[in-house]
Amino acid sequence: MDTGKTSDFPADWEVITAERHAALRATLDLAATRHALTRRKLAEAGLTRADLVTPADLARLPVTTKAELMERPADAVLDLDGAELPEEQRVVWDTMYTTGSSSGRPTPFVSTTSDFWDILVVQRRMLEIRGVTQGDRIANLFPLTRHPHGAFIRVLHAAAALHIPVVSALPGNPGPGFTVGQELDAVVATLARARPTILWGVPSYMRRVVARAGELGVALPDIRLVFVTGEGLSEEGRGDLLARLAAIGAPDARVSISYGMTEIQGGLVECAAGQGLHNPHPEAIAIDVVDPITHAPLPDGEEGLILLSHMRRRGTLLLRYAVGDLGVRSTARCPHCGRVTERILGTPRRADDLTKIRGMLVNPALALAAVEGVAAVRDFRFEISRSGALGMDEFMLTVVAEPGAAPEGLLAQRVKDAIGVTPRVTLVERIEGESWKAKRWLDQRGG
Ligand SMILES: [Zn+2]
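Residues numbered from 1 in each chain as written. Predicted model: local features only at pLDDT ≥ 70, side-chain atom pairs only at ≥ 80, totals over all residues. Heavy atoms only, no water.

The protein chain has the name AMP-dependent synthetase/ligase domain-containing protein in an unreviewed UniProt entry, where Falsiroseomonas bella is given as its organism.

Here's what the structure looks like:
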């Protein structure tokens, strides 16, 4: 057990359920009259406020999809005008946005001051679950973006909540008026000076930074933890990153994956590899898994649609919200760290993750994994487009290779072995991206 003396993690389900019950009662009282989305869902199901008494009764409320939230985000924000509530529950502290969506329009996510205080708890608990101590120093490798996201800024808040140092490398340049960003070599220099014990960012950029440090002969031996979020990371990708870290003097570093969600301004994290993604704040956040078709609750161990419910938010409030992934839940005490909370076992997968290329049904995750395991690849992107009079699918793999490497033939073969379709492989100097997340699978065929 490494729960630590300072941890305020709830002892068992009895405590969690009691806290959820009390919090949800007040939240539902407000939502029934002041939350357009909940009013709509109650009406849809022919329910009233009185029908929802315990947290378990939430299962009677129809599911909210991401598309519904994107279409009318204002409906998901509590209207607390004139409500008799403490000031911290009414003041808007910040508004963050989701990263791109299929429509390309980011969705706002509003937090009041009390919501922000809960975000600090989420962030501190995430660090504790991941084994961070007060002797650690964080390097924030997230770039700044045009829309505020819960990536860059929440790293600063995580450090604040555990009272530990953080250095922000500020990579890249989100726009012409921005003058404080750094190029790759300056980022490496910042790390060499600050000697972080933790790197925190997206795996594709982390790979570039660590590879460049190796090229420049910069050792970063203090690194013991690498926090990745925002993009999936296959076992192959994890192995590649660890090999690169070993080459710069950090052979014992551990990669810790976060299942990040804008809707909790944090993520579900592992206490150790393979132990499941822990809900860091079970008093305030509930995770359910339901049948993808009927939306009926599923027992632990069965794969289904992952739902998120907020127990006590006062800005954006979501109840029975489908985050868009399928996963397997456990509510058993974690055998490794001893915490009691919901854990998602294995890697959640997109509910709509299969696609067709030239008539073949393929799983993009397998194609990504096939490339992530190749050491000669520094960065890459798959693109599918439609070309020619017959509208044939064009399947391309663009690659930034390690200096002197020529992995085209190997990559084409590995991808064909993984998904049955052979990509046209092209080497380039650099892959440009707009978002802080690397888009490694770009489908440009439209509808
Ligand atoms: Zn654990």
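After presenting the structure, the write-up continues.
Novice: For this particular structure, what's the right way to read the pattern of salt bridges?
Specialist: Two side chains carrying opposite charge are able to pair once their charged atoms lie near each other. Tallied over the full model, the rule gives 35 salt bridges. Close ionic contact of Arg-386 with Asp-393 constitutes a salt bridge, the shortest N to O distance being 3.4 Å. For Arg-386, a relative accessible area of 47% puts it in the partly exposed group. The salt bridge partner of Glu-394 is Arg-424, with a shortest N-O separation of 3.2 Å. Pair noted here: Glu-394 is in strand 17 (residues 392-401) and Arg-424 is in strand 18 (residues 424-427), with a separation of 30 residues, a long-range link. Classification of Arg-424 by relative accessible area gives partly exposed; the value is 45%. Among the charged side chains, a network of salt bridges with common partners joins Asp-185, Arg-207, Arg-212, Glu-215, Asp-240, Arg-244, Arg-378 and Glu-402. (Salt bridge = Lys/Arg side-chain N within 4 Å of Asp/Glu carboxyl O. Buried < 20%, exposed > 50% of the residue type's maximum accessible area, 1.4 Å probe, protein only. Helix = DSSP H or I, 4+ residues; strand = E, 2+ residues; numbered from the N terminus.)

Novice: Before we go on, may I ask you to explain the coordination of the zinc ion in this structure?
Specialist: Within the protein, the atoms that donate to the zinc ion are Cys-271 (SG), His-278 (NE2), Cys-334 (SG) and Cys-337 (SG), at distances of 2.1 to 2.3 Å. Around the zinc ion sit 4 donor atoms, and with donor-metal-donor angles ranging over 106 to 117° the site reads as tetrahedral. Taken in chain order, the donor set of the zinc ion reads C-x6-H-x55-C-x2-C. Taken together, the residues Cys-271 in the loop between strand 8 (266-269) and strand 9 (277-278) and Cys-334 in the loop between strand 12 (321-330) and strand 13 (343-350) connect sequence positions 63 residues apart. Across the pair, Cys-334 and Cys-271 agree in class, each one buried. (Donors = N, O, S within 2.8 Å, 3.2 Å for Na, K, Ca; no water. Tetrahedral: all angles 85-135°; square planar, octahedral: opposite > 155°, others 65-115°.)

Novice: Mind showing me how you'd approach the nonpolar core here?
Specialist: In summary, soluble globular proteins display a tendency toward joint burial of nonpolar side chains. Residues Leu-199 and Leu-245 are the most contacted members of the largest nonpolar core, which totals 45 residues. Going through the elements one at a time, strand 3 (138-140), helix 5 (152-162), helix 6 (184-194), strand 5 (198-201), helix 7 (203-216), strand 6 (225-228), helix 8 (235-247) and strand 7 (254-261) are the ones with two or more residues in this core. Ignoring anything within four residues of it in the chain, the contact list for Leu-199 reads Ala-139, Leu-141, Leu-191, Met-206, Val-210, Ile-223, Leu-225, Val-226, Phe-227 and Leu-245. With 28 residues, the next largest nonpolar core counts Ile-129, Ala-284, Val-323 and Cys-337 among its residues. (Core = buried A, V, L, I, M, F, W, Y, C linked by side-chain atoms within 4.5 Å. Contact = heavy atoms within 4.5 Å.)

Novice: What exactly am I supposed to notice about the packing of helix 9 (residues 364-372) against helix 10 (residues 408-419) here?
Specialist: One can describe the packing of helix 9 onto helix 10 by two numbers: an axis separation of 9 Å at closest approach and a directional angle of 145°. In this structure, helix 9 meets helix 10 at a crossing whose hand is right-handed. The residues of helix 10 that touch helix 9, namely those facing Leu-366, Ala-367, Ala-369, Ala-370 and Val-371, are Leu-411, Arg-414, Val-415, Ala-418 and Ile-419. Taken together, the residues that form the contact of helix 9 with helix 10 break down as 9 nonpolar, no polar and 1 charged. (Axes fitted to C-alpha atoms, helices over the stretch in contact; angles between N-to-C directions. Left-handed = near helix turned anticlockwise from the far one by under 90°. Nonpolar A, V, L, I, M, F, W, Y, C, P; charged D, E, K, R; others polar.)

Novice: Even after reading the chapter, I still don't get the environment of Leu-268, so can you show me in this structure?
Specialist: Mapped onto the secondary structure, Leu-268 falls in strand 8. When the C-alpha atoms of Leu-268 and Met-126 are compared, they prove to be 7.5 Å apart, with 142 residues separating the residues in sequence. Among residues more than four places away in sequence, those in contact with Leu-268 are Ile-257, Ser-258, Tyr-259, Met-261, Leu-277, His-278, Asn-279, Pro-280, Ile-287 and Ile-344.

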